Amino acid sequence: MPHRLSDTLRLTPQGGALTAHLSGDYSNGRLDQPPETGYPFGGLLAAMCVQAMRQGLGLTASLRTVSVQYLSAARFDDTLAFRPRLLRGGRTVGYAAVEAEQDGRLTHNASATFGGDAEGPMIAEIAAPPPPLDGLDPAATIAGPMAPRFSQYVEYRFDGGPNILGGNAGKPAVERLWMRMADGRPLDDVGLCYLLDALYPPAWTTTRRPSPMTTVDLRYDILADPTPLTAPDGWAFFEFRMLDLGLGWTVDDVVCWGADGTPLALGRQRRKLIPPRRAARDS
């Protein structure tokens, strides 16, 4: 059985840092392969950074933006140490940062903006009612040995997919789907950090032989806090879209909507394509 996400996000004070165990269950490698054939799932690491800033600094205001840089791959089945710091506090807006390390080696760092809402004009240009959840096939999900390990924690319901391995060849690289955490937890900002990255790269829908790649930068903007009304039973609707692929990089966008069409979050991710090993090229 996989670990409970809530247990993984429970950080322990130790030696002036907040620590957590990084399970191989959160690899982006395939279920039928050892965790080390993949990398730690970036959405989990982003969620852990937000949790570390909240827990270590006592932040209670809403998360509005978080930006993560992935510096080196963390090891599985080992301890991660998070060191959060408050950059500037305020009554309406606060700024924080956190560094994560294993044995003194930085693995990733993040900065975030927290702040409360205020009354004012509201114009949501990207408001869009999603397709009805109960009108989609429950079998339209991610399953089987090709599924990434981190997907064990997510329930998926695709709208016209999944299209991985060439389903979007000759078409825009887009995947649209409902998602929620598999443990049924209410959707919050930490859960959004997980789900906004809980899919394969959209570029992998354009070809049957996808290139391996790794995330180097990720940014989320939380537009509205999820509620039981906008995210009933934890469900929200997501659209992942490839914006660019070339020169060894790819850039993706993701938008998340609530059940009523309220835009909840935006994300952008830059990935670096991993070149084939020289030995493989020379063989």
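These lines cover the structure that appears in this document, whether it is placed above or below. (Residues numbered from 1 in each chain as written. Predicted model: local features only at pLDDT ≥ 70, side-chain atom pairs only at ≥ 80, totals over all residues. Heavy atoms only, no water.)

## Digging into the pairing of strand β8 (residues 174-181)
Stage number 1. By the criterion of burial, β8 is predominantly enclosed, with seven of the eight residues buried.
Stage number 2. In terms of strand pairing, strand β7 (residues 154-158) meets β8 through five bridges, oriented antiparallel. In the sheet register, R157 faces β8, and the bridge partner there is W178.
Stage number 3. Pairing of β8 with strand β10 (residues 236-246), which is carried by six bridges, proceeds in the antiparallel orientation. Residue pairing for β10: L177 is matched across the bridge by F238. (Buried < 20%, exposed > 50% of the residue type's maximum accessible area, 1.4 Å probe, protein only. Helix = DSSP H or I, 4+ residues; strand = E, 2+ residues; numbered from the N terminus. Pairing = 2+ DSSP bridges.)

## Some thoughts on the side chain of D252
Stage number 1. Within the secondary structure, D252 is located in strand β11 (residues 249-257).
Stage number 2. The class of D252 is buried, set by a relative accessible area of 4%.
Stage number 3. Engagement of the side chain of D252 in a polar contact is seen with the side chain of R271, the distance being 2.6 Å.
Stage number 4. In contact with D252, not counting residues within four places along its chain, are P202, R241, M242, L243, G267, R268, Q269 and R271. (Polar contact = N/O pair within 3.5 Å; in protein donor to acceptor, adjacent residues only side chain to side chain. Contact = heavy atoms within 4.5 Å.)

## Structural notes on the sheet that holds strand β9 (residues 213-222)
Stage number 1. Strand order in the open sheet made by the 12 strands is β1-β2-β4-β5-β6-β3-β9-β12-β11-β10-β8-β7, with antiparallel pairing throughout. Every interior strand has two partners, whereas the edge strands, β1 (12-14) and β7, have only one. Between one strand and the next, the sheet's axes are offset by a mean angle of 25 degrees, whatever the strand orientation.
Stage number 2. Direction of pairing for strand β2 (residues 17-22) relative to strand β4 (residues 78-88): antiparallel, over a ladder of five bridges. Across the sheet, L22 pairs through a bridge with D78, a residue of β4.
Stage number 3. Of the strands in this sheet, β2, β3 (63-70), β4, β5 (93-102), β6 (105-115) and β9 touch helix α2 (residues 42-57), which is tilted by about 55 degrees from β4. (Axes fitted to C-alpha atoms, helices over the stretch in contact; angles between N-to-C directions.)

## Examining the environment of Q14
Stage number 1. Tracing the backbone shows Q14 in strand β1.
Stage number 2. The class of Q14 is exposed, set by a relative accessible area of 53%.
Stage number 3. In this structure, the C-alpha to C-alpha distance between Q14 and F82, residues 68 residues apart in sequence, is 9.9 Å.

## A few points about the pairing of β6
Stage number 1. Note that β3 and β6 share seven bridges and pair antiparallel. Each residue of the ladder has a partner; that of Y70, found in β6, is H108.
Stage number 2. Sheet topology note: the β5/β6 ladder contains 10 bridges and is antiparallel. Looking at the pairing, A97 lines up with S111 of β6.
Stage number 3. The antiparallel hairpin formed by β5 and β6 contains two residues in its connecting segment, where D103 sits at a positive phi of about 55 degrees.

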